[in-house]
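For reference, the chains in residue letters:
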Amino acid sequence: MATSFTNFSYERFMRNMGQKLEPSVRYHLSKVYACLTATCAAATVGSLIHLKGIWEAGMLSGLIALGLVLGLIFNPDNGKNFNMRLGLLLGFGAFTGHALGLLLEQVIYVNPAIVVTALVGTTTIFTSLSAAAVLAKRGSYLFLGGILLSVLNAMALISLGNLLFRSYFVHELNLYVGLAVMSGFVLFDTQMIMEKHRLGSNDCIAHSLDLFYDVIGIFRRLLVILTQKEQNNQRKKRND
């Protein structure tokens, strides 16, 4: 019964996507998601390099990642530099994952199962929202861009202020609002990618980079939220 329902849902999704999207948009999205998958795989390898103790992450990892993303920005797509830009993207993914290894190490110390839960949660959130954006009415989520950027700016200011007050409530609010904002960006970025392609942009590298930021943002916040909950549960058990 569950298998037939899954097949039905998948077939309906593919049929709806075929009806709503032009062939060129579908092809472009397939390249974007392929690049995104490869970048996430590179990030996984980078994290494992830190966790296995081969090369521990530090400030250098972040600086290299910054240098690689700047390389992408200052080397825009010209139709001939795909391989070079793909290498920069994968390198950025690897060093982003390497830097993320510091957080993963702390999470694993609390409970290794949190990493799996965060991965499943991130995959579910991204897949669901990206599919919703693809199947939604054209441009229906583009209005979110200004709202999400405004919320991000407000969160940044509040975080700076909280360096003085160190409010636990503000910290928690930032985490949950940040998770909602990054989830909203999945909707916005997916539809923006489609519109950019319709206007002539075929830069699947830059487009997959936008979605990679969303995926990493969701994953980081889920890791922190789930770890805090696990630590609170452990404290309650010790007190009982």
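Residues numbered from 1 in each chain as written. Predicted model: local features only at pLDDT ≥ 70, side-chain atom pairs only at ≥ 80, totals over all residues. Heavy atoms only, no water.

Structural notes on helix 6 (residues 144–165)
Here comes step 1: Helix length check: helix 6, at 22 residues, gives a terminal C-alpha distance of 31 Å against a target of 32 Å (1.5 Å per residue), a fit within 8%.
Here comes step 2: Taken together, the buried positions of helix 6 are occupied by Leu 144, Gly 145, Leu 148, Met 155 and Asn 162. All buried residues of helix 6 lie within an arc of 110° about the axis, which places them on one face of the element. In this structure, helix 6 carries Asn 153, Leu 157, Leu 160 and Leu 164 as exposed residues pointing more than 90 degrees from its buried face.
Here comes step 3: Looking at the buried positions of helix 6, the neighbouring elements they touch are helix 7 (168–198).
Here comes step 4: Taken from the residues just after helix 6, Arg 166 is the one with a positive phi, measuring 50°. (Helix = DSSP H or I, 4+ residues; strand = E, 2+ residues; numbered from the N terminus. Expected span 1.5 Å × (residues − 1). Buried < 20%, exposed > 50% of the residue type's maximum accessible area, 1.4 Å probe, protein only. Arc of directions from axis to C-beta. Contact = heavy atoms within 4.5 Å.)

Focus on the layout of surface pockets
Here comes step 1: Each pocket or cavity is described by its volume, and for the largest pocket that value is around 550 Å³.
Here comes step 2: Lining the largest pocket are 23 residues, and of these Cys 40, Thr 44, Leu 119, Val 215 and Phe 219 lie nearest its centre.
Here comes step 3: Sort the elements by how many residues they give to the lining of the largest pocket and helix 2 (residues 23–51) lands first, with nine residues.
Here comes step 4: Taken together, the residues of the lining of the largest pocket break down into 16 nonpolar, seven polar and no charged. (1 Å grid on protein atoms, 1.4 Å probe; cavity = no way out; pocket = protein on both sides within 12 Å on 5 of 7 lines; lining within 4 Å. Points joined across faces, edges and corners; volume = space filled by probe spheres on them. Nonpolar A, V, L, I, M, F, W, Y, C, P; charged D, E, K, R; others polar.)

With respect to helix 3 (residues 59–73)
Here comes step 1: For helix 3, with 15 residues, the first-to-last C-alpha span of 21 Å sits near the 21 Å given by 1.5 Å per residue.
Here comes step 2: Along helix 3, the residues that are buried comprise Ser 61, Ala 65, Leu 68, Val 69, Gly 71 and Leu 72. The buried residues of helix 3 occupy an angular sector of 150° when the element is viewed end-on, so they sit on one face. Projecting away from the buried face of helix 3 at angles above 90 degrees are the exposed residues Met 59, Leu 63 and Ile 73.
Here comes step 3: Those residues of helix 3 that are buried are in contact with helix 4 (82–110) and helix 8 (204–239).

Overview of the nonpolar core
Here comes step 1: Grouped together as the largest cluster of nonpolar side chains are 49 residues, with contacts concentrated most on Leu 29, Phe 92 and Leu 223.
Here comes step 2: Within the residue set of this core, elements represented by two or more residues are helix 2, helix 3, helix 4, helix 5 (113–135), helix 6, helix 7 and helix 8.
Here comes step 3: At 12 residues, helix 8 tops the list of elements feeding residues into this core.
Here comes step 4: Discounting residues that sit within four places of it in the chain, Phe 92 has contacts with Ala 65, Leu 68, Val 69, Leu 209, Phe 212 and Tyr 213. (Core = buried A, V, L, I, M, F, W, Y, C linked by side-chain atoms within 4.5 Å.)

Here's the deal with the pattern of salt bridges
Here comes step 1: In the structure shown here, the tally under the stated rule is four salt bridges.
Here comes step 2: Ionic pairing is found between Arg 85 and Asp 203, a salt bridge with its closest N-O pair at 2.7 Å. Separated by 118 residues along the polypeptide, Arg 85 in helix 4 and Asp 203 in the loop between helix 7 and helix 8 bring together distant segments of the chain.
Here comes step 3: On the accessibility criterion, Arg 85 (3% relative accessible area) is buried.
Here comes step 4: Between Glu 195 and Arg 198 there is a salt bridge whose closest N-O contact spans 2.6 Å. Of this pair, Glu 195 and Arg 198 both sit in helix 7, three residues apart, which is roughly one turn of the helix.
Here comes step 5: Each member of the salt-bridge network shares a partner with another, and the members are Glu 22, Arg 138, Glu 195 and Arg 198. (Salt bridge = Lys/Arg side-chain N within 4 Å of Asp/Glu carboxyl O.)

What about the packing of helix 6 against helix 7?
Here comes step 1: Where helix 6 contacts helix 7, the axes come no closer than 10 Å and their chain directions differ by 160°. One element, helix 6, and the other, helix 7, form an angle in the roughly antiparallel class. Here the hand of the crossing between helix 6 and helix 7 comes out left-handed. Note on element contacts: helix 7 touches helix 6 through Val 170, His 171, Asn 174, Val 177, Gly 178, Val 181, Gly 184, Phe 185, Leu 187 and Phe 188, opposite Leu 144, Gly 145, Leu 148, Leu 149, Val 151, Leu 152, Met 155, Ile 158, Ser 159 and Asn 162. (Axes fitted to C-alpha atoms, helices over the stretch in contact; angles between N-to-C directions. Parallel < 35°, antiparallel > 145°, perpendicular 65-115°, else oblique. Left-handed = near helix turned anticlockwise from the far one by under 90°.)

Read these as geometric descriptors, not functional statements.
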